[in-house]
Amino acid sequence: MSRKLHSDTPQVDEIAARPRPHKAVRNPERPLQRWRLTIQLAFVALCLWIGVEFFFFVRYLESGGASTWVARPPGAEAFLPISSLMSLYYFFLSGQIHPAHPAGLFILVTIFLMSLTFGKTFCSWVCPFGLLSESLADFGEKIMGRRLRLPRVVDYLLRSLKYLLLGFFLYAIFFVMGEAALRAFLDSPYNQVADVKMYYFFAQISSLAFWVIAGLVLLSIFIRNFWCRFLCPYGALLGILGLLSPAKIKRNPQTCIDCTKCARVCPSLIKVDQVKTVLSDECTGCLQCVDACPVANTLQYQTTIGRRRIPKKLVPVITLSVFILVTGLAMLTGNWQNKITAAEYLRHQQYLESYGHPTDTQGLEELNEK
Ligand code: SF4
Ligand code: SF4
């Protein structure tokens, strides 16, 4: 005899049609943080190599040309971002690559392109200061046993400092200086030996500069990324460019289990677990949140148009490819080495102390008039 179901009992079809509670599928992807550290260390090694070569180059200058000639490493121009930004603007105005620090210009373009693809990945995959800052913060969290967070208002106020610094530089370069003033600055003996001047800034560091740097190191132990988050105008510019990137980290709220792991690991203190798309100038594309997410296909890079998934491995692959392609292009087109001869460097070395640069907008306006 067929048994008639009670009228309150759901029928089989009805049960099948109901939305079932989501069963989380474990994220099978391997984390990329070891690869990130390896790439960061490779760039630290590259910078150390450049530093050693530059040391011997300066020794040659100091000896008046008597010691063995060591060529100046063009990679040192990576540490001249303001001169490089002026050079880039000069290129847009005149269509010419200024010969003083061409490698710096190409490195700047490389970093801009990186930011336009996956956000400011330069900060978390390439920049040696980024790695130093991260290591200091990891050390601090180990000894404190927790991550310190500043009150939100203080954090916002401090974060605005880097934009004020950036605003000053952009105003001075793009609104005060004309093409003639740019050319005058880029041609000036100060700019030509800006890398040597920078070397002496650190090699013969003043007590004020020493204590300022020591203070920043100390603060970076207790407040994660103190320099990068609050003061670096370069990072501020890359953060703005990163917002224009067509690739963004997106969270799928349907599969998210609200474990908050992504937000807890984020070094930029972004509340990844509460947004659908990470739209922040502070995101460095470090992938720590994506690596920490325990659920498959829940947190990932996607294109903003079409929402196509981008495999996370493409972040380091494209970042490194951009670096190799653009710097390689500079080398192949003869725009890597500058055109300053050893004799010119030796002459500049004698007058190094007397070389200076405008320190305010009035000085820049005088440069325009000259
Ligand atoms: S949101 Fe993710 S990728 Fe961006 S900084 Fe935070 S952890 Fe890194
Ligand atoms: S890590 Fe973040 S996105 Fe992934 S499940 Fe947990 S809360 Fe959701």
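Residues numbered from 1 in each chain as written. Chains lettered and ligands numbered in written order. Predicted model: local features only at pLDDT ≥ 70, side-chain atom pairs only at ≥ 80, totals over all residues.

Comments concerning the overall build of the protein
Of the regular secondary structure elements, the protein holds 18 helices and three strands. Dimensions of the protein along its principal axes, counting C-alpha atoms only, are 110 × 45 × 40 Å. Considering only contacts in the protein between residues 6 or more positions apart, those separated by 24 or more positions represent 76%. (Helix = DSSP H or I, 4+ residues; strand = E, 2+ residues; numbered from the N terminus. Contact = placed C-beta atoms within 7 Å.)

Description of the packing of helix α7 (residues 152-176) against helix α13 (residues 233-243)
In the contact formed by α7 and α13, the axes pass within 8 Å of each other and the chain directions differ by 90°. Taken together, α7 and α13 sit at an angle that is classed as roughly perpendicular. Residue-level inspection shows Lys162, Tyr163, Leu165, Leu166 and Phe169 of α7 in contact with α13, the latter providing Pro233, Gly235, Ala236 and Leu237. Tallied by class, the residues present in the contact of α7 with α13 amount to seven nonpolar, one polar and one charged. (Axes fitted to C-alpha atoms, helices over the stretch in contact; angles between N-to-C directions. Parallel < 35°, antiparallel > 145°, perpendicular 65-115°, else oblique. Nonpolar A, V, L, I, M, F, W, Y, C, P; charged D, E, K, R; others polar.)

Considering the site of ligand 1
Neighbouring residues of ligand 1: 15 residues in total, closest Cys266, Cys283, Cys286, Gln288 and Cys289. Its residues assigned to classes, the shell around ligand 1 shows eleven nonpolar, four polar and no charged. (Near = placed C-beta within 6 Å.)

Looking at the nonpolar core
Of all hydrophobic cores here, the largest spans 38 residues; its most connected members are Ile107, Ile111, Phe122, Leu182 and Leu238. Breaking this core down by element, the ones donating at least two residues are α2 (33-62), α3 (81-94), α4 (102-118), α5 (121-126), α8 (179-187), α12 (226-231), α13 and α16 (314-332). If we ignore the near neighbours within four places in the chain, the residues touching Phe122 are Ile111, Met114, Ser115, Cys127 and Leu238. Membership of the second largest hydrophobic core comes to 18 residues, among which are Ile249, Cys262, Val290 and Cys293. (Core = buried A, V, L, I, M, F, W, Y, C linked by C-beta atoms within 7 Å. Buried ≥ 20, exposed ≤ 12 C-beta atoms within 10 Å, placed from the backbone.)

Overview of the environment of Ser280
Along the chain, the position of Ser280 falls in the loop between α14 (261-265) and α15 (288-292). Between the C-alpha atoms of Ser280 and Glu62, which are 218 residues apart in sequence, the distance is 47 Å. Excluding residues that lie within four positions of it along the chain, Ser280 makes contacts with Ser268 and Ile270.

Structural notes on the confidence of the model for the protein
Considering every residue of the protein, the mean pLDDT works out to 90; 91% of them sit at 70 or more. Taken as a whole, residues 1-21 scores under 50 in pLDDT and shows one contact with residues more than four places along the chain or in a different chain. (pLDDT = per-residue confidence, 0-100.)

Describing the pairing of strand β1 (residues 247-251)
Burial of β1 is extensive: five of the five residues sit out of reach of the surface. Here β1 shows no split at all, with Ala247, Ile249 and Arg251 on one side and Lys248 and Lys250 on the other all buried. In this sheet, strand β2 (residues 299-303) lies alongside β1 in antiparallel orientation, the contact comprising five bridges. Across the sheet, the residue bridging to Ala247 is Thr303, located in β2. (Pairing = 2+ DSSP bridges.)

Quick look at helix α10 (residues 194-203)
Within the span of α10, buried status applies to Ala194, Asp195 and Val196. For α10, the secondary structure elements touched by its buried residues are α2, α3 and α9 (189-192).

Notes on the sheet that holds strand β3 (residues 309-310)
Taken together, three strands build an open sheet; the order of strands is β1-β2-β3 and the sheet is antiparallel. Taken across any chain shown, the strands that pair with only one partner, and hence form the sheet edges, are β1 and β3. Where β2 lies against β3, two bridges are found, and the strand directions are antiparallel. Along β3, the bridge assignment pairs Gln302 with Arg309.

Thoughts on the packing of α4 against α13
Remark: α4 packs on α13, axes separated minimally by 7 Å, with the N-to-C direction vectors making an angle of 45°. Taken together, the axis directions place α4 and α13 in an arrangement best described as oblique. The two elements α4 and α13 meet at a crossing, and its hand is right-handed. Judged by residue contacts, Ile111, Phe112, Ser115 and Leu116 of α4 engage Leu238, Leu241 and Gly242 from α13. (Left-handed = near helix turned anticlockwise from the far one by under 90°.)

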